[in-house]
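Spelled out from the first residue to the last, the chains are:
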Amino acid sequence: MGDAADGGARMLFVLALRNVRRNMHRLRPVAIVIVAGFSLLLTGNGVLYSINRSFSQGLRTSLTGDFSLSHKDMATFTLLGSSSLLAGEYRQPKDLPFGEDLAAALRSDPGVTGVLGVTTVPALMELHAGDEKKKALEEYYRYNEERGVRVERQSETYYSSVHPLMGMDFTAAAKFFPGLELVSGSFPEPGKPGFLVQEGLLKDMSAWFDPMGVTFRFTSNIDNSNFSIRELPLCGVYRLPLSDPALAPLVLADYASVRDLAGLRRGSDPASALGDDASALLGLDIDELFSDEGADSSGGEGSSAELLDGLAAMFSSGNAAEDLSASSPDDGPWHFLLINTARNEGAGSIKSRLAEAGYGPDQEFLLRDWRATVGGSAMLVRFLQLVLNLGALFVIFGVVLIATNGMTLSIFERRAEFGVIRAMGASKPYVLALVVLESAIVVFGGAVLGLLLGGLAILALNLAGLRVDNQYVIMLLGGKAIRGELSVGLLAWHALGAMAMALAACVSPLRKVLGIQPSRAMA
């Protein structure tokens, strides 16, 4: 009985294959579109999958973590600043409410493997030519003259550019970011100011002077009427696992300096951190300090000379500045809390556990994944994946209509044949299986052939080792090499799509063949 069943199945397949060959003149355009469509779809998704995987592994291990928490009004802000067009540079980021409590709640969560608070601010990074740097400035001019590059001579500044700054505790960051590579130099020492630049920026500077250890000036605009200035030494150079020109200007600095530049120092009254004598000096009138008469004549507590000496002692000691910015890296305020989670941990589970800890949807914080945290090319890759697959859906829909029409016409032309088959004793399931098998040979078979060609195209692309030099393409790819990757999940999704398309293409033909009566079809 088993041999009879095998023989029936073999006969069914031979009959379906014969019918497809007989109707190939009508089904050939459909098969060609299916093969080409699935081949291009797999190739495109393979390249985008490789890019997305590169961004995911590179950014999550060196810059963003898995998720981030920020103020709910920070939806247009990323780690690189505001993404709002035109008015973005005038918008000020908001610090995270209940940041210290949220950090404590996350650290107690067994599904969270790491939490890092960071502060961001755009600042003008400058290097001024003092007496000790004039020689380097002349070398810079001479270097450009030898290259035939015309450079306008400047009297004071020979490096000036706006950079996004990201402030963090480097001791904690070294553990939180395993993919952050220190190329040269060292991280700033705990409690001391300093910053790191990316390798590409150092190469631009090193062409004409050695910037390592040099102190740069950073100026930030806190609001429309206030600004902050800090001087930080260049301590080292870092490298990200991927190449993205949009990330090249990012400067990593100590958390205290960036907090000061962002206007997020703990405590709103600077005099509160000073001693009684220093606070009294801050309240004096400037004319009183430089008057010819002593302060005693007006009821003061000393001469103007003594007051000036007191001011000089206060600022020369440096204690006041240290006290103002002294804070633990585990204390807020922050703009972002970066979160690393256990494998397969989703945003929904983090939100639910925060809600259990008392931080529900009504709290003023925003949870985002790593793509939304950094924005830029990472979001663009996801958008391209969406566009590619939506476009493929429209193509598949059109192919299904064409295949359905072709199969239906084939059924009408073979009404007599189906009538004879039914009259000879073939059951309805047998006839239905014949139609489904014909559809599978044309649609699913064409899709499988297209997937095979797409896989070969990805293999050829990787063997060719194509590289690009356009910075916009590099920004999209995360590097200069164009590569593709295949995964079991990617192939499975395409195969499931092909099966769904084959089933959809045979729905109308099945309805038609079920309506055929043997006696009428043979008449």
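Residues numbered from 1 in each chain as written. Predicted model: local features only at pLDDT ≥ 70, side-chain atom pairs only at ≥ 80, totals over all residues. Heavy atoms only, no water.

**Overview of the nonpolar core**
Considering soluble globular proteins, one finds that nonpolar side chains tend to be buried as a cluster. Stated precisely, the cut-off is as follows: Nonpolar cores are built from buried Ala, Val, Leu, Ile, Met, Phe, Trp, Tyr and Cys residues. Side-chain atoms within 4.5 Å join them into one set. Each residue is assigned to one of three classes by its accessible area relative to the maximum for its type, calculated with a 1.4 Å probe on protein chains only: buried under 20%, partly exposed between the two thresholds, exposed over 50%. Helix and strand definitions follow DSSP, with helices as H or I runs of at least four residues and strands as E runs of at least two, each counted in order from the N terminus. Any two residues having at least one pair of non-hydrogen atoms within 4.5 Å are treated as being in contact.
Counting residues in hydrophobic clusters, the biggest one holds 36 residues, and the most contacted among them are Leu 59, Met 166, Leu 252 and Leu 338. In terms of residues, this core owes the most to one element, helix H2 (residues 24-62), which gives five residues. Excluding its chain neighbours within four sequence positions, the residues that come into contact with Leu 59 are Thr 64, Gly 65, Leu 242, Leu 247, Trp 370, Val 374 and Ala 378. If you look at the next biggest cluster of nonpolar residues, it comprises 22 residues, including Val 121, Leu 201, Leu 202 and Val 251.

**Description of the pattern of salt bridges**
Opposite charge on two side chains permits pairing when their charged atoms draw close. Where we set the bar: Each reported salt bridge corresponds to a side-chain nitrogen of Lys or Arg within 4 Å of a carboxyl oxygen of Asp or Glu.
Applying the stated criterion to the full structure yields ten salt bridges. Linking Arg 239 and Glu 199 is a salt bridge whose minimum nitrogen-to-oxygen distance equals 2.8 Å. Here Arg 239 is found in strand E9 (residues 227-239), whereas its partner Glu 199 is found in helix H6 (residues 199-206), with 40 residues between them in sequence. With a closest N to O distance of 4.0 Å, Asp 369 and Arg 371 form a salt bridge. The partly exposed category is assigned to Asp 369, whose relative accessible area is 30%. Accessibility expressed as a relative area gives 10% for Arg 371, which makes it buried. Through salt bridges with shared partners, one network takes in Glu 181, Glu 199 and Arg 239.

**Regarding the packing of aromatic side chains**
For the record, the criterion: Each aromatic pair joins two rings of Phe, Tyr and Trp (for Trp, the six-membered one) with centres within 6.5 Å, and gets the label stacked for planes under 30 degrees apart, edge-to-face for over 60, and tilted for any other angle.
Summed over the entire model, instances satisfying the criterion amount to four aromatic pairs. Between Phe 176 and Phe 177 the ring centres are 4.9 Å apart and the planes differ by 85°, which places this aromatic pair in the edge-to-face class. The same class applies to Phe 176 as to Phe 177, namely buried. Seen from their ring centres, Phe 195 and Phe 216 are 5.6 Å apart, and the 90° between their planes marks the pair as edge-to-face. Taken together, the residues Phe 195 in strand E7 (residues 195-198) and Phe 216 in strand E8 (residues 215-221) connect sequence positions 21 residues apart. Overall, the relative accessible area of 0% leaves Phe 195 in the buried class. When its relative accessible area of 0% is taken as the criterion, Phe 216 is described as buried.

**So, the side chain of Arg 368**
This is how it is decided: Only four residue types enter the charge count: Lys and Arg as positive, Asp and Glu as negative, with His and the chain ends excluded. Polar contacts, as used here, are pairs of N or O atoms within 3.5 Å; protein pairs need one atom able to donate a hydrogen and one able to accept it. Residues neighboring in sequence count only if both atoms are side-chain atoms.
For Arg 368, the position within the fold is in strand E12 (residues 365-369). As a buried residue without a salt bridge, Arg 368 has its nearest oppositely charged side chain in Asp 369, at a separation of 7.4 Å. In this structure the side chain of Arg 368 is engaged in a polar contact, spanning 3.3 Å, whose partner is the backbone oxygen of Met 74. At a separation of 3.3 Å, a polar atom in the side chain of Arg 368 contacts the main-chain carbonyl oxygen of Ala 75. Setting aside residues no more than four positions away along its own chain, Arg 368 makes contact with Asp 66, Phe 67, Ser 68, Ser 70, Met 74, Ala 75, Phe 77, Phe 336 and Thr 373.

**Focus: the packing of helix H14 (residues 377-413) against helix H16 (residues 428-464)**
Put simply, the test is: Every axis corresponds to a line fitted to the C-alpha atoms, with the helix fit spanning only the stretch in contact, and the corresponding angles, defined between N-to-C directions, vary from 0 to 180 degrees. An angle counts as roughly parallel when it lies under 35 degrees, as roughly antiparallel when it exceeds 145, as roughly perpendicular when it falls between 65 and 115, and as oblique in every other case. Here is the rule for handedness: rotate from the far helix to the near one, and if that takes an anticlockwise turn smaller than a right angle the crossing is left-handed, while a clockwise turn gives right-handed.
Closest axis-to-axis distance for the H14/H16 pair is 11 Å, and the angle between their directions is 140°. Here H14 is positioned oblique relative to H16, judged by the angle of their axes. At the point where H14 passes H16, the crossing takes the right-handed sense. Contact residues: Ala 403, Met 407 and Ile 411 in H14; Val 435, Glu 438, Ser 439 and Val 443 in H16.

**With respect to the environment of Ile 482**
Its place among the elements puts Ile 482 in the loop between helix H17 (471-477) and helix H18 (488-505). For Ile 482 and Gly 465, which are 17 residues apart along the polypeptide, the C-alpha to C-alpha distance reads 7.1 Å. Not counting chain neighbours up to four residues away, the residues in contact with Ile 482 comprise Leu 461, Leu 466, Val 468 and Leu 477.

**Describing helix H3 (residues 99-107)**
To keep it simple, the criterion reads: To obtain the arc, one takes the directions from the helix axis to the C-beta atoms.
Taken together, the buried positions of H3 are Gly 99, Leu 102, Ala 103, Ala 105 and Leu 106. Projection of H3 onto a plane perpendicular to its axis shows the buried side chains occupying an angular sector of 165°, all on one side.

**A look at empty space enclosed by the protein**
Our working definition: Here the term cavity refers to a set of points on a 1 Å grid, laid over the protein atoms alone, in which a 1.4 Å probe fits but cannot get out; the term pocket refers to an open set having protein on both sides within 12 Å along at least five of seven lines, with lining residues being those that place an atom within 4 Å of a point. Grid points are joined across faces, edges and corners, and a volume is the space filled by probe spheres set on the points. In the scheme used here, Gly and all other residues not listed as nonpolar or charged are polar, with Ala, Val, Leu, Ile, Met, Phe, Trp, Tyr, Cys and Pro taken as nonpolar and Asp, Glu, Lys and Arg as charged.
If you walk through the whole model with that rule in mind, you get one cavity of 30 Å³ or more. Looking at the largest cavity, its volume works out to about 50 Å³. What lines the largest cavity is Phe 418, Arg 422, Lys 428, Val 431, Val 513, Leu 514 and Ile 516. Within the lining of the largest cavity, the residues separate by chemical class into five nonpolar, no polar and two charged.

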